[in-house]
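Okay, here's what each chain looks like letter by letter:
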Amino acid sequence: MQRDTNPLVLSRVIGDVIDPFTPTTDLRVIIDGRSLCNGYRLRPSQITSRPRVEISGQDFRTLHTLVLVDADSPSPGNPYHREYLHWLVIDIPGGMGPDFGNEVVAYEAPQPSLGIHRLVMVVFRQPRRQILLAPEWRNNFNTRQLAQVYNLGEPVAAFFYNCHRENGTGGRRA
């Protein structure tokens, strides 16, 4: 029996936040000039500003939606605010980043107080330019529901990094 090595599966991002999907778009996340890989560990002081994000593509007419959520809010052991919305941008042209899209919910830097939090970035291909209403609250956001309500289909790319409180080492709780 072959074991799955996909970091999104191993970290339970697939399952907790999104359903299984086949990536069709490259997503690159850059913080402090460093291109990150899935599971990279950061402290809040490293992500006070929104990360630089590059979504691949050659066609500017292809539009994307980007969602950044905390899958473990307020704590990994009791994530009753799952998912906490940190950033929502729509109408991002292919080959560009969020600076060229429409920011629906402004970036809010994560401030985990307990444990290691998974910050999950999901990209969807939009069927067309659209109006997307900002949710009333950031907590208890649901990425799957957003995709369903706005007919976004399955993700085309996803990425996650870990964040823990500034002066601690964190520790994942089951």
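Our subject is the structure listed above.
This is a predicted model, so every value here is computed, not measured.

## Digging into the pattern of salt bridges
Taken as a whole and judged by the stated rule, the model has 12 salt bridges. For Arg12, the salt bridge goes to Asp16, with nearest N and O atoms at 4.0 Å. Between Arg129 and Asp91 there is a salt bridge; the shortest N-O distance is 3.6 Å. Of this pair, Arg129 sits in the loop between β8 (117-125) and α3 (143-149) while Asp91 sits in strand β6 (residues 84-93), placing them 38 residues apart in sequence.

## Details of the sheet that holds strand β2 (residues 34-35)
By definition, the strands of a sheet pair up through backbone hydrogen bonds, in either a parallel or an antiparallel sense. If you trace the three strands from one edge of the open sheet to the other, you get β2-β1-β4, paired in antiparallel fashion. Two strands close off the open sheet at either side, each with one partner strand: β2 and β4 (52-55). Bridge analysis of strand β1 (residues 27-31) against β4 gives four bridges, and the strand direction is antiparallel. Note on β4: the bridge partner recorded for Arg28 is Glu54.

## Things to note about the nonpolar core
The biggest cluster of nonpolar side chains holds 24 residues, and the ones touching the most others in it are Ile18, Val67, Val120 and Leu146. Of all elements in the fold, only α2 (13-16), β5 (63-70), β6, β8, α3 and β9 (157-163) reach the threshold of two or more residues within this core. Of all hydrophobic cores here, the second largest spans 23 residues; its members include Val29, Leu66, Val123 and Tyr161.

## Quick look at the environment of Ile90
Structurally, Ile90 can be placed in strand β6. Residue Ile90 is classed as buried on the basis of its relative accessible area, which comes to 1%. Considering only alpha carbons, one finds Ile90 and Gly15, 75 residues apart in sequence, at a separation of 24 Å. Beyond its immediate sequence surroundings of up to four residues, Ile90 is in contact with His64, Thr65, Gly101, Asn102, Val104, Gln126, Gln130 and Leu132.

## Observations regarding the pairing of β5
With eight of eight residues buried, β5 is to be regarded as a mostly interior element. Going residue by residue along β5, you find Leu63, Thr65, Val67 and Val69 tucked away on one face and His64, Leu66, Leu68 and Asp70 tucked away on the opposite face as well. Strand direction decides the pairing type here: β5 and β6, joined by seven bridges, are antiparallel. Its bridge partner being in β6, Asp70 is matched across the sheet by Tyr84. With seven bridges connecting them, β5 and β8 associate as antiparallel partners. Among the inter-strand pairings, Val69 is bridged to a residue of β8, identified as Val120.

Calculation notes
Within each chain, residue numbers correspond to sequence positions counted from 1 in written order. The model is predicted, so local features are restricted to residues of pLDDT at least 70 and side-chain atom pairs to those at 80 or more, both for listing and for counting; the totals for chains, interfaces and linings are taken over all residues. Derived side-chain values reflect all non-hydrogen atoms in the structure, with water molecules and hydrogen atoms excluded from consideration. We count a salt bridge whenever a side-chain nitrogen from Lys or Arg sits within 4 Å of a carboxyl oxygen from Asp or Glu. What counts as a helix is a DSSP run of H or I of at least four residues, what counts as a strand is a run of E of at least two, and both are numbered from the N terminus. Pairing between two strands is assigned when DSSP locates at least 2 bridges connecting them. Here, nonpolar core refers to any group of buried Ala, Val, Leu, Ile, Met, Phe, Trp, Tyr and Cys residues whose side-chain atoms link them within 4.5 Å. Only protein chains enter the area calculation, which uses a 1.4 Å probe; residues under 20% of their type maximum are buried, those over 50% are exposed, and those in between are partly exposed. Here a residue-residue contact requires only that any non-hydrogen atoms of the pair lie within 4.5 Å.

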